[in-house]
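Spelled out, the chains give:
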Amino acid sequence: MKKVIATFILVATLTSCNSVKNMDTSKVSDAAQLLGSLSSNSTVQQVASLFSLLDTNNDKAISSTEAIGSVAENFDVLDTDNSSNLNLTELEGILALLKK
């Protein structure tokens with residue numbers, strides 16, 4: 001129940017932010033739900049689905065403005081090549097963070 005409430009709060013917060021106003025809110029909502037459901041048992045395929053939802057401009061990278069939730073909170077840790085963008089391999093690092 002806490003994850004559901006947190007997901008709704010995250011979506012409400014994101015939709016009120018200026019940087020998200022031009023985003024497809026249904027994709028943001030789907031990404032927030034998927035992110036909230038990730039666990040240490042999640043698969044690479046689930047992370048790939050999350051990547052597709054977060055990559056709103058389809059440039060095969062997630063910028064800090066596209067990141068939400070724990071991806072945004074851990075962006076610098078996940079950005080192992082310091083490119084200021086996350087590729088799919090870097091985003092898969094979220095699974096290791098969930099195991100901690």
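Note: the structure precedes this text.
Small disclaimer: the values here were computed from a predicted structure and weren't measured.

So, on to the environment of Ala32. Mapped onto the fold, Ala32 is located in helix 2 (residues 25-37). Sequence separation between Ala32 and Leu54 is 22 residues, and the spatial gap between their C-alpha atoms is 9.3 Å.

In the contact formed by helix 2 and helix 3 (residues 44-54), the axes pass within 9 Å of each other and the chain directions differ by 155 degrees. Put simply, helix 2 runs roughly antiparallel to helix 3. The crossing of helix 2 and helix 3 is left-handed. Residues Lys27, Asp30, Ala31, Leu34 and Leu35 of helix 2 form the contact with helix 3, whose participating residues are Gln46, Ser49, Leu50, Ser52, Leu53 and Leu54. For the contact of helix 2 with helix 3, the class distribution of residues is six nonpolar, three polar and two charged.

Conventions we followed
Residues numbered from 1 in each chain as written. Predicted model: local features only at pLDDT ≥ 70, side-chain atom pairs only at ≥ 80, totals over all residues. Heavy atoms only, no water. Helix = DSSP H or I, 4+ residues; strand = E, 2+ residues; numbered from the N terminus. Axes fitted to C-alpha atoms, helices over the stretch in contact; angles between N-to-C directions. Parallel < 35°, antiparallel > 145°, perpendicular 65-115°, else oblique. Left-handed = near helix turned anticlockwise from the far one by under 90°. Contact = heavy atoms within 4.5 Å. Nonpolar A, V, L, I, M, F, W, Y, C, P; charged D, E, K, R; others polar.

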